[in-house]
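Tertiary structure, described
Spelled out from the first residue to the last, the chains are:
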Amino acid sequence: MGSRRHLTLALLLLAALVGGILCLFFGNVSHASPGRHALNVTLLWGQRSLRFQGYADTGNLLRDPIENTPVILANASLSRRIFSLCSDKAPPDGSHADDPACYEGLPLRLIPCRTVTGSTVLPALKLTAEIENEPYTVCVALNFKRQSDYCGFDALIPIGIL
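Residues numbered from 1 in each chain as written. Predicted model: local features only at pLDDT ≥ 70, side-chain atom pairs only at ≥ 80, totals over all residues. Heavy atoms only, no water.

1. Quick notes on the overall build of the protein chain
Each helix and strand counted, the protein chain has 2 helices and 7 strands in total. The linear arrangement of helices and strands in the protein chain, starting from the amino end, is α-β-β-β-α-β-β-β-β. Put simply, the protein chain has 162 residues, and 37% of those count as buried. Partitioning the contacts of the protein chain with sequence separation of at least 6, the portion at a separation of at least 24 is 59%. (Helix = DSSP H or I, 4+ residues; strand = E, 2+ residues; numbered from the N terminus. Buried < 20%, exposed > 50% of the residue type's maximum accessible area, 1.4 Å probe, protein only. Contact = heavy atoms within 4.5 Å.)

2. A word on the pattern of salt bridges
A side chain of one charge can pair with a side chain of the opposite charge when the charged atoms of the two come close. Within the structure shown, the criterion is met by 4 salt bridges. Here Asp-64 ties to Arg-109 by a salt bridge, and the two come within 3.0 Å at their closest N and O atoms. Of the two residues, Asp-64 is situated in the loop between β2 (48-57) and β3 (71-74) and Arg-109 in strand β4 (residues 108-115); the sequence distance between them amounts to 45 residues. Taking the relative accessible area as the measure of exposure, Asp-64 reaches 2% and is therefore buried. Between Glu-67 and Lys-126 there is a salt bridge whose closest N-O contact spans 2.3 Å. A residue pair is termed long-range when its members are at least 10 positions apart, and Glu-67 in the loop between β2 and β3 and Lys-126 in strand β5 (residues 118-131) qualify at 59 residues. Since its relative accessible area comes to 24%, Lys-126 is described here as partly exposed. Counted as one network, the salt bridges with shared partners bring together Asp-64, Glu-67, Arg-109 and Lys-126. (Salt bridge = Lys/Arg side-chain N within 4 Å of Asp/Glu carboxyl O.)

3. So, the environment of Ala-124
For Ala-124, the location among the structural elements is in strand β5. Note: C-alpha distance between Ala-124 and Leu-142 (18 residues apart in sequence) is 5.6 Å. Dropping the residues within four chain positions of it, Ala-124 is found in contact with Pro-107, Leu-108, Arg-109, Ile-111, Cys-139, Val-140, Ala-141 and Leu-142.

The following block contains the structure:
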């Protein structure tokens with residue numbers, strides 16, 4: 001009976017060790033390491049531009065339901081920068097993002113979004129984006145509540161547009 005308990009304990013410890021090693025390995029690979037998943041993006045708005053790095057995400061299948069335009073998901077930090085870039089009425093911290101007056105004159109879209117944790121509607125701006133120096137028409141969903149980054153990046157870029 002004691003040897004069976006020792007065998008079970010040894011198997012559990014081995015599984016935990018293997019799991020820990022895999023988490024360390026894959027955890028480091030998935031963060032902002034240079035490679036083919038890192039994309040240089042420049043958003044263009046009139047004479048203004050904003051540069052950032054995005055992550056080429058195979059899971060981002062969002063599209064504007066009206067024109068079928070691919071959607072880039074921006075985290076809170078990038079959303080505030082984009083909002084300030086495009087709206088002269090927006091304070092630099094993006095604090096009035098829920099004020100409709102700040103969106104006046106902007107190419108606003110509302111993008112329904114569903115994830116495993118729930119669903120919401122995100123405001124998005126239809127813009128021109130240069131991704132790796134190639135121009136694309138995209139919608140950029142502004143997610144002012146997403147404080148964390150996306151795998152070490154400011155945005156998730158739908159890989160399907162590349």
